[in-house]
Amino acid sequence: QVQLVESGGGLVQAGDSLRLSCATSGRTFSRLDMGWFRQAPGKEREFVAAVRWSDVTYYADSVKGRFTISRDNAKNTVYLQMNSLNSEDTAVYYCAAEPRGSMIMRSSYNYWGQGTQVTVSS
């Protein structure tokens, strides 16, 4: 079992930055592939970014160049640095772990956090 706890969400203005954190426990973090997804009201949960245990990263086109995923194995934590936020980034952001297959498919992931709300006002 892997436990995931997100934090760092909040209400910001367009153009601001936020950093989300996802603290993990229950498994050797340094060997875990991790991902971030988001779900806006009335929409499907969508891929945002992912990082392999080897530090290879993946990004959705909509966030490429604005968001950065990183991991700190000493802290068992994965981060999502979000810059130049806009209203379309408003969503609940979820951390996920241990994908079986594609890093960008929601159905691949075995473990999920409870989510953290990000609201961007324009």
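You'll find the structure just up there.
Residues numbered from 1 in each chain as written. Predicted model: local features only at pLDDT ≥ 70, side-chain atom pairs only at ≥ 80, totals over all residues. Heavy atoms only, no water.

**Digging into the overall build of the chain**
Thinking step 1. Looking only at helices and strands, the chain features 0 helices and 11 strands.
Thinking step 2. Ordered by position from N to C terminus, the α and β elements of the chain give β-β-β-β-β-β-β-β-β-β-β.
Thinking step 3. Contacts in the chain between residues at least 24 apart in sequence constitute 56% of all its contacts with a sequence separation of at least 6.
Thinking step 4. By element, 45% of the accessible surface of the chain is carried by carbon and sulfur atoms, the whole surface being about 6,100 Å².
Thinking step 5. Here the chain carries 13 positive and 11 negative side-chain charges, and the mean point of each set is 5 Å from the other. (Helix = DSSP H or I, 4+ residues; strand = E, 2+ residues; numbered from the N terminus. Contact = heavy atoms within 4.5 Å. Areas by Shrake-Rupley, 256 points an atom, 1.4 Å probe, with all protein chains shown as cover. Lys, Arg positive; Asp, Glu negative; His and termini not counted. Charge placed at Lys NZ, Arg CZ, Asp CG, Glu CD.)

**Here's the deal with the environment of F67**
Thinking step 1. Tracing the backbone shows F67 in strand β7 (residues 67–72).
Thinking step 2. Between the alpha carbons of F67 and R45 there is a distance of 17 Å; along the sequence they are 22 residues apart.
Thinking step 3. Contact partners of F67, with chain neighbours within four places excluded, come to R38, V48, Y59, L80, Q81, M82, N83, L85, D89 and Y93.

**Comments concerning the nonpolar core**
Thinking step 1. In this structure, M34, W36, V78, L80, M82 and Y93 are the most contacted members of the largest nonpolar core, which totals 35 residues.
Thinking step 2. Discounting residues that sit within four places of it in the chain, L80 has contacts with L18, R19, L20, W36, V48, A49, F67, T68, I69 and Y93. (Core = buried A, V, L, I, M, F, W, Y, C linked by side-chain atoms within 4.5 Å. Buried < 20%, exposed > 50% of the residue type's maximum accessible area, 1.4 Å probe, protein only.)

**Re the side chain of T90**
Thinking step 1. Positionally, T90 belongs in the loop between β8 (77–82) and β9 (91–99).
Thinking step 2. Side-chain polar atoms of T90 contact the backbone nitrogen of V120, separated by 2.9 Å.
Thinking step 3. When residues no more than four places from it in sequence are discounted, the contact partners of T90 are A40, Q117, V118, T119 and V120. (Polar contact = N/O pair within 3.5 Å; in protein donor to acceptor, adjacent residues only side chain to side chain.)

**Some details on the environment of G115**
Thinking step 1. Turning to its location among the elements, G115 is positioned in the loop between β10 (109–112) and β11 (116–121).
Thinking step 2. Taking the C-alpha atoms as reference points, G115 and L4, 111 residues apart in sequence, are found 9.3 Å from one another.

**Remarks on the state of the cysteines**
Thinking step 1. Taken as a whole and judged by the stated rule, the model has 1 disulfide.
Thinking step 2. Each disulfide pairs two cysteine sulfurs, and for C22 the partner residue is C95, the sulfurs being separated by 2.1 Å. Sign of the S-S torsion, about -80 degrees for the bond between C22 and C95, identifies this disulfide as left-handed. Of this pair, C22 sits in strand β3 (residues 18–25) while C95 sits in strand β9, and the two are 73 residues apart along the sequence. (Disulfide = S-S within 2.5 Å.)

**What about the environment of R106?**
Thinking step 1. Among the secondary structure elements, R106 is positioned in the loop between β9 and β10.
Thinking step 2. Sequence spacing of R106 and N83 is 23 residues, and the spatial spacing of their C-alpha atoms is 23 Å.
Thinking step 3. Apart from the residues lying within four places of it in its own chain, the contact partners of R106 are F37, E44, R45 and W112.

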